[in-house]
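# Observations on the three-dimensional arrangement
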Amino acid sequence: MELDIDEALRYAGVRGEAPDALRRQAASVAAELTAAVRPRYTYRIFPLERREEGYFLPGADILLPGESAARMLAECDRAALLACTLGARFDAMLRTEQARDMARALLLDGCGSAWVEAGCDRAERELGARLPGAYLTDRFSPGYGDLPLDLQPAVCAVLDTQRRLGLCVTESLLMNPGKSVTAVIGIAAGPQPARIRGCAYCAMRERCTLRKGGKHCGI
C-alpha cells in the first residue's frame, strides 16, 4: 500500500506541476504519516433488491435512493458497504502540526486524504480477491450525486464502526475521526465501466463544500 504524492498534492490544493522542493516536503510528510498511521477498514456484503423507490439492502435495512445509485448499481445483484479511517491518531498529528506550521499541516491534511484513499483501494482489492469471477463498480459515498448524506449513520451502524474502528457520525453528519470514508461498491456478474475518478476529475472539485472543509466524499 502506497501513498500517492501527486494525489496528496492535489488534495492540498496544488494545481499543475509542483516544484521539486514542495514535492520533497510532501514526500517527507508522507513518510512520517505512513510510519505512524495505517488505514483501518471494515466492510460487509449484502444482497441487493431493486425497488420502485431505489435499491434496497435487505440485510442492512438500508435504501439507496436516487439516480446516482441507480446508475452505479444498475447491473448489480449485491453491494458492499465499506468504512475506512485513519483514526484519532491522525487527527492528533494534524492538530499538533497546525499549532506549529500551517504550511506543513496543509500537506499533512492532503497526505491524510490520499492515505485514507489508499486504504479504501486496499479494501477494494481484498474484496475483489474474495469474489473471483465478480466485477466491482467504482465506490461511491453518501453525498455523491443525489445519494443522501444522511445515510452515513445507518452505514456506520450496520458496519459497527464505533466498536471496530472507533468511528462515529456526529449530529451534523460529519465523521469522527475526520479522515474517514464510507462507501458503497456494487458487485456484478459482468465488467463495469469506470464512472468515478476522484476529486481531481470531479466537476464539483472547485465548488465542493467537503473539500473546502478539508474533507472528501471518498470517491
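The preceding data block contains the structure.
Criteria and cut-off values
Residues numbered from 1 in each chain as written. Predicted model: local features only at pLDDT ≥ 70, side-chain atom pairs only at ≥ 80, totals over all residues. Heavy atoms only, no water. Phe/Tyr/Trp six-rings, centres within 6.5 Å; stacked < 30°, edge-to-face > 60°. Lys NZ or Arg CZ within 6 Å of the ring centre and 35° of its normal. Buried < 20%, exposed > 50% of the residue type's maximum accessible area, 1.4 Å probe, protein only. Helix = DSSP H or I, 4+ residues; strand = E, 2+ residues; numbered from the N terminus. Pairing = 2+ DSSP bridges. Axes fitted to C-alpha atoms, helices over the stretch in contact; angles between N-to-C directions. Left-handed = near helix turned anticlockwise from the far one by under 90°. Contact = heavy atoms within 4.5 Å. Nonpolar A, V, L, I, M, F, W, Y, C, P; charged D, E, K, R; others polar.

### Focus: the packing of aromatic side chains
Considering all chains together, one arrives at 2 aromatic pairs under this definition. Ring plane angle 15 degrees and centroid distance 6.4 Å describe the contact between Tyr-41 and Tyr-43, whose orientation is recorded as stacked. Geometry around Phe-56 places Arg-51 over its ring, the cationic atom sitting 3.8 Å from the centre.

### Things to note about the pairing of strand E9 (residues 180-188)
The buried fraction of E9 is high, at 9 of 9 residues. Covered by surrounding structure in E9 are Ser-180, Thr-182, Val-184, Gly-186 and Ala-188 together with Val-181, Ala-183, Ile-185 and Ile-187, the residues of both alternating faces. Sheet topology note: the strand E5 (residues 76-85)/E9 ladder contains 9 bridges and is antiparallel. Note on E9: the bridge partner recorded for Arg-78 is Ile-187.

### What about the sheet that holds strand E1 (residues 40-47)?
In space, the 4 strands of this open sheet follow the order E1-E5-E9-E6, with antiparallel pairing throughout. Both edges of this open sheet fall to E1 and strand E6 (135-140), since each of them pairs with a single strand only. Averaged over all neighbouring strand pairs, the angle between strand axes comes to 20 degrees, with direction disregarded.

### As for the packing of helix H2 (residues 20-36) against helix H4 (residues 87-100)
The description of two packed helices rests on the angle between their axes and on the distance between the axes. Between H2 and H4, the least distance of the axes is 11 Å, while the angle of their chain directions is 145 degrees. Read as a crossing pair, H2 and H4 show a hand that is right-handed. Every residue of H4 that contacts H2 at Glu-32, Leu-33 and Ala-36 is listed here: Arg-89, Phe-90, Met-93 and Glu-97. Per-class residue counts for the contact of H2 with H4 are 4 nonpolar, no polar and 3 charged.

These results come straight from atomic positions and should not be treated as a statement about function.
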